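Examination of the molecular architecture
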Amino acid sequence: MYAFKVNGKSITYQGEDKKLLRFLREDLNLTGTKDGCSEGVCGTCTVLIDGKKTKACTFSLSKLEGKSITTIEGLSEREQEVYSYCFAEAGAVQCGYCTPGMIISAKSLIDVEPNPTLEMVRVAIKGNICRCTGYKKIEEAILKAAEFLREGKPVPNETEEPALDKRYRRVDAIPKALGQGLYADDIRLEGMLYAKAVRSAFPRARVLGIDSSKAEAHPDFVRIVTSEEVPENIIGHLSQDWDVLIPIGGITRYTGDSLCLVVSQKSETLDEIAELVEVSYEVLKPVLTMEEALKADAPSIHANGNILSIEHIVRGDADRAIKESKHVIRRSYSTPYTEHAFMEPECAVALPEGEDGVLVHTSGQSIYDEQHEICRMLKLPPEKVHCHSMLVGGGFGGKEDMSVQHHAALLAWLLKRPVKVKLSRQESLAVHPKRHPMDIDLITACDEHGRITAMKAVILANTGAYASLGGPVLQRACTHASGPYNFQNFEVLGKAIYTNLVPAGAFRGFGVTQSCFAVESNMNLLADELGMDYWQFRMLNALKPGDIMPNGQIAQDDTGIIECLEAVKDAFYSSPYAGIGCAFKNSGVGVGVPDTGRCILSVEGGKVHIRTSAACMGQGVATVCIQMLGQTCSLNSNDVVVEDPDTRRTPDSGTSTASRQTVFTGEAVRRAALKLKEALKGATLNELEGQEFFGEYTSVTDPIHSKKQNPVSHVAYSYSAQVVILDEKGKLERVVAACDVGQVVNHQALTGQIEGGVVMGLGFGLTEDFPIEDGQLKVKYGTLGLLRSTDVPDIEVKLVQGPKKNSLAYGVKGVGELCTIPTAPACQNAYYRLDGKFRTSLPLADTAYKKPKKG
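Figured I'd write up the structure that's included with this text.

Scanning the chain for helices and strands turns up 21 helices and 31 strands. Across the chain, the mean location of the 94 positive side-chain charges is 3 Å away from that of the 107 negative side-chain charges.

For the rest of this paragraph, the subject is a negative patch on the surface. Together, E16, D17, E272 and E275 make up a negatively charged patch on the protein surface. Relative to the assigned elements, D17 resides in the loop between β2 (9-13) and α1 (20-27). Taking relative accessible area as the criterion, D17 reaches 36% and is therefore assigned partly exposed.

Turning to the pairing of strand β18 (residues 419-422), a few remarks are in order. The pairing of strand β6 (residues 193-199) with β18 spans 3 bridges and is parallel. The partner of Y194 across the bridge, within β18, is K420. Two strands pair when backbone bridges link them, and strand β15 (residues 347-353) and β18 are joined in this way by 4 bridges, in the antiparallel orientation. Looking at the pairing, C347 lines up with K422 of β18.

A separate point is the nonpolar core. Formed by 202 residues in total, the largest nonpolar core has its most connected members in F87, I138, I459, L565, I754 and Y781. Discounting chain neighbours no more than four positions away, the residues touching L565 are W535, R538, M539, A542, I580, C582 and A721. Membership of the second largest hydrophobic core comes to 36 residues, among which are L164, M628, A668 and Y697.

This part is about helix α15 (residues 512-530). Compared with the 27 Å implied by 1.5 Å per residue over 19 residues, the 27 Å span of α15 between its first and last C-alpha is a close match. Burial runs high along α15: 16 of the 19 residues are buried. At the exit of α15 stands G531, carrying a positive phi of roughly 75°.

Here the focus is the sheet that holds strand β4 (residues 52-55). Spatial ordering of the open sheet is given by β2-β1-β5-β3-β4, a layout of 5 strands whose pairing is mixed. The strands lining the two open edges of the sheet, one partner per strand, are β2 and β4. Each strand of the sheet is rotated relative to its neighbour by a mean of 35°, with strand direction disregarded. Across 2 bridges, strand β1 (residues 2-6) lies against strand β5 (residues 68-70) in parallel orientation. By the bridge assignment, K5 is partnered in β5 with S68.

Right, let's get into the packing of aromatic side chains. Applying the stated criterion across every chain, the model contains 19 aromatic pairs. Between the aromatic rings of Y13 and F23, the centroid separation amounts to 5.0 Å while the plane-to-plane angle is 65°, which identifies the pairing as edge-to-face. Pair noted here: Y13 is in strand β2 and F23 is in helix α1, with a separation of 10 residues, a long-range link. Taken together, the ring pairs in this structure connect Y2, F4, Y13 and F23 into an aromatic cluster. Lying across the ring of F664, R660 places its NZ or CZ 5.0 Å from the centre. Sitting over the face of the ring of Y810, R670 holds its NZ or CZ atom 5.7 Å from the ring centroid.

Counted under the stated rule, the structure contains 0 disulfides. This cysteine, C95, is not joined by any disulfide, and C132 carries the nearest cysteine sulfur, 3.9 Å off. With no disulfide of its own, C739 lies 6.1 Å from the sulfur of C819, the closest cysteine sulfur. Exposure remark for C739: the relative accessible area of 0% places this residue in the buried category.

Following L842, the chain continues into P843 via a peptide bond in cis, with omega recorded as -10°. Mapped onto the elements of the fold, P843 is located in the segment after α21 (823-835). Even without being a glycine, Y135 presents a positive backbone phi close to 80°. Residue placement: Y135 occurs in the loop between α4 (118-124) and α5 (136-151). Given a relative accessible area of 0%, Y135 falls into the buried group. Although it is not a glycine, K416 adopts a positive phi angle of roughly 55°.

Along the chain, the position of D243 falls in strand β10 (residues 242-243). Polar contacts involving the side chain of D243 include one to the side chain of R253, which spans 2.6 Å. Those residues within four positions of D243 in sequence are excluded, and the remaining contacts are N233, I234, R253 and Y466.

For the structure shown, the criterion picks out 59 salt bridges. With its nearest N and O atoms 3.2 Å apart, the salt bridge here joins R122 to D794. Taken together, the residues R122 in helix α4 and D794 in strand β31 (residues 794-800) connect sequence positions 672 residues apart. R122 sits in the buried class, given a relative accessible area of 14%. Judged by relative accessible area, D794 falls into the partly exposed class, the value being 42%.

In contact at an axis separation of 9 Å, helix α18 (residues 621-633) and helix α19 (residues 661-680) are set at 35° when each is read in the N-to-C sense. As α18 packs across α19, the resulting crossing turns out to be right-handed. Here V621, V624, C625, M628, L629, T632 and C633 of α18 lie close against α19, whose contacting residues are Q661, T662, T665, G666, V669, R670, A673, L674, L676 and K677. Classifying every residue of the contact of α18 with α19 gives 10 nonpolar, 5 polar and 2 charged.

This paragraph deals with the packing of helix α11 (residues 367-378) against helix α12 (residues 405-415). It is at 10 Å that the axes of α11 and α12 come closest, and there the two elements cross at 45°. Classified by the angle between their axes, α11 and α12 sit oblique to one another. The chirality of how α11 crosses α12 is right-handed. Residues E370, I374, M377 and L378 of α11 lie in contact with α12, whose contacting residues are Q405, H406, A409, L410 and W413. When its residues are assigned to classes, the contact of α11 with α12 shows 6 nonpolar, 2 polar and 1 charged.

On to the environment of V741, then. Take V741: it is sitting in the loop between β28 (732-740) and α20 (747-766). The buried category is assigned to V741, whose relative accessible area is 3%. If we ignore the near neighbours within four places in the chain, the residues touching V741 are S718, L750, V800, G811, V812, K813, G814, V815 and L818.

This paragraph deals with the environment of E448. Examined against the element boundaries, E448 turns out to sit in the loop between β19 (438-446) and β20 (452-464). Along the backbone, E448 and L726 are 278 residues apart, and their C-alpha atoms lie at a distance of 31 Å. Apart from residues lying up to four places away in sequence, E448 is in contact with K326, H327 and L530.

A word on the sheet that holds strand β22 (residues 578-587). If you trace the 4 strands from one edge of the open sheet to the other, you get β22-β27-β28-β31, paired in mixed fashion. Both edges of this open sheet fall to β22 and β31, since each of them pairs with a single strand only. Neighbour-to-neighbour, the strand axes of this sheet turn through a mean angle of 15°, independent of strand direction. Summarising the sheet, strand β27 (residues 716-726) and β28 pair through 8 bridges and their orientation is antiparallel. Bridge pairing in β28 links S720 to C739. Its contacts with the sheet put α21 on β22 and β27, and the angle it makes with β22 is roughly 165°.

Cut-offs and rules
- Residues numbered from 1 in each chain as written.
- Predicted model: local features only at pLDDT ≥ 70, side-chain atom pairs only at ≥ 80, totals over all residues.
- Heavy atoms only, no water.
- Helix = DSSP H or I, 4+ residues; strand = E, 2+ residues; numbered from the N terminus.
- Lys, Arg positive; Asp, Glu negative; His and termini not counted.
- Charge placed at Lys NZ, Arg CZ, Asp CG, Glu CD.
- Patch = residues over 30% accessible without salt bridge, like charges linked within 9 Å, V, L, I, M, F, W, Y side chains within 5 Å.
- Areas by Shrake-Rupley, 256 points an atom, 1.4 Å probe, with all protein chains shown as cover.
- Salt bridge = Lys/Arg side-chain N within 4 Å of Asp/Glu carboxyl O.
- Buried < 20%, exposed > 50% of the residue type's maximum accessible area, 1.4 Å probe, protein only.
- Pairing = 2+ DSSP bridges.
- Core = buried A, V, L, I, M, F, W, Y, C linked by side-chain atoms within 4.5 Å.
- Contact = heavy atoms within 4.5 Å.
- Expected span 1.5 Å × (residues − 1).
- Axes fitted to C-alpha atoms, helices over the stretch in contact; angles between N-to-C directions.
- Phe/Tyr/Trp six-rings, centres within 6.5 Å; stacked < 30°, edge-to-face > 60°.
- Lys NZ or Arg CZ within 6 Å of the ring centre and 35° of its normal.
- Disulfide = S-S within 2.5 Å.
- Polar contact = N/O pair within 3.5 Å; in protein donor to acceptor, adjacent residues only side chain to side chain.
- Left-handed = near helix turned anticlockwise from the far one by under 90°.
- Nonpolar A, V, L, I, M, F, W, Y, C, P; charged D, E, K, R; others polar.
- Parallel < 35°, antiparallel > 145°, perpendicular 65-115°, else oblique.

Spelled out as structure tokens, the structure:
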């Protein structure tokens, strides 16, 4: 028997010993304490034990005799009011999954030191990882909360009027901060079963047999499901090449492949049951490198061979221009696999609905993509597959593919019972697609005056075992290999190549992070040959409105890369160890692919319901929609309800990808709001009860190989210039990030997105890696190289705009990906200026953050 207190209440527990995290969540249903890794690394499960911050996943109940535990639910009413307000006001809540743990760490500091310094705050939250905010907004929130608590300040109780270009607290910030917002793993249903996949032990092997006899003898065993019970066993986001379950006789393609599903009555015994399943294999030699995959005698990973896609983009005559140019630089670059490391591991809960249908609660990046793939797998019409999004604890592209949603749906459909499928953090690392490793050979040329004359590149992208979004990622790496510069001779050959490694797919930047690293690095060598400094060289070649871009599109009137460069000029010249990088990123899928944003505004109960399927992984799309509506109709916050994405209620507004939702769904909201505004001229909201107003926006773009003289590849581009400043010892001192994202919607959300993107870019450049040896992962969450609060330098965000605004959505443009792209090349330039070493691979070697390996 164990006796202790939780949030002031005496607890006596007579069951088996277990981790405190499991007890809090499963026995007491205190779901504000989150499970991010169960390895004592991420800090999402932080609680207080006798006033000291502790990770609940590391403590067993047997160690808690007589102790007092405080969770986020145990804060006093005053503390809840202050912390939630300060975190919301600062913009410190994005996906929200880390926030309760952050607040508990803040409380552990403020309870002891009511007037903490910034450095104290950074140290206090060092054990809590945030992947969204870059920590700055969290630090501001904690300092503000300390002030409110110390000085007894009352929390303001004003009603905000949503509009553009202002500070505005996120609609979901307070419930997320207090642990009241529900993510998929927080769902509790009567009679729920628990399931997981048994995965391949080898990257390439023939499955000879699956023996479940020992598993079936376990008292909690419910069912084992193999490929024979799957109506359609092949799915895939764009290309249908991914087995739901590898069949007997089939060949595995990576160690994340699912062989069968096991179901347990209890979550606690699920791993035991899975380990009892015995699989026999014929181990085959895997294809582990792109070089091996391209050999003539390489085994085919898929029926159509080992090349997923080829892109060949040609504008002008690059070979001739290079031959005639005064200065030519050629270098080869490489970038590694990197992991999204979103705070919430993948989880889905499915249950039977109606006659032969399923309801799936998910945490992905598009309910309609999920519906489409589940319908395909189960051979059901869309009306039989109901998908509903819970809160999403981060994504960054890593939740675009099926991971657990289809398995949960399959089992609920077969068993007619609710089923939860959740990945452990290690499974998450092993299963979902990563950022593509790329090898890039790049030639850049300019004339004697420093004007770029041509670029020519070969880009090889390791797309791993399955297609995922490998084709579009390769395409974007190729189309953006020009950088935001003015020249017309451009040729890129790209190949996305299958291997027996973890798949690669969408990741913030979508391939442009990789090609930008190469492009910007070559720019620096050309500047050296010219005797021109790096800022001047970029300014000389930067796009202006009316210029013809290397893809043939005419740069729009809102093109703002020159304004970005002007904004970082002083920072660049402030230090001899300042590095610079520039980037641009499209908003929307573009290149002739149909792309639509949709919204319904319905008047129900005297309030306007915003209904759109646009997924929020932390970027704040629901709040953007409210501000768009408020700007158009002059409503206040109390008049508006934002509904969860739900295939029964919200129209398809496309995937949250390609920095598109603010522009596409924002424009759809604006169009619907204009109709509502017209209706409100002669009526009140109550008089419009039951009416619906539909808004839709579809982009018109040209295919990538359009023969038009000036095709429109994308409806909008955002631009950024960043400066990374080192101290004399090579440690990060400061980052200045200038971004042209058009019309500002929400100041806290926008600057928070940029700060978080910069920190992710710093990690990509300096610390993050994802080592794989012989097809097996050699990494855990704690060894990914994620930056913590004490690693992050001061970040200054400068918001600029081009000469004019885009006509869509009041002139807004995407920022989610843009802010991550130029950071790594800026780091490369800074270290080049510091020590003269020109580094061509990431993460940068031989720095204060990555010491050279011995021996």
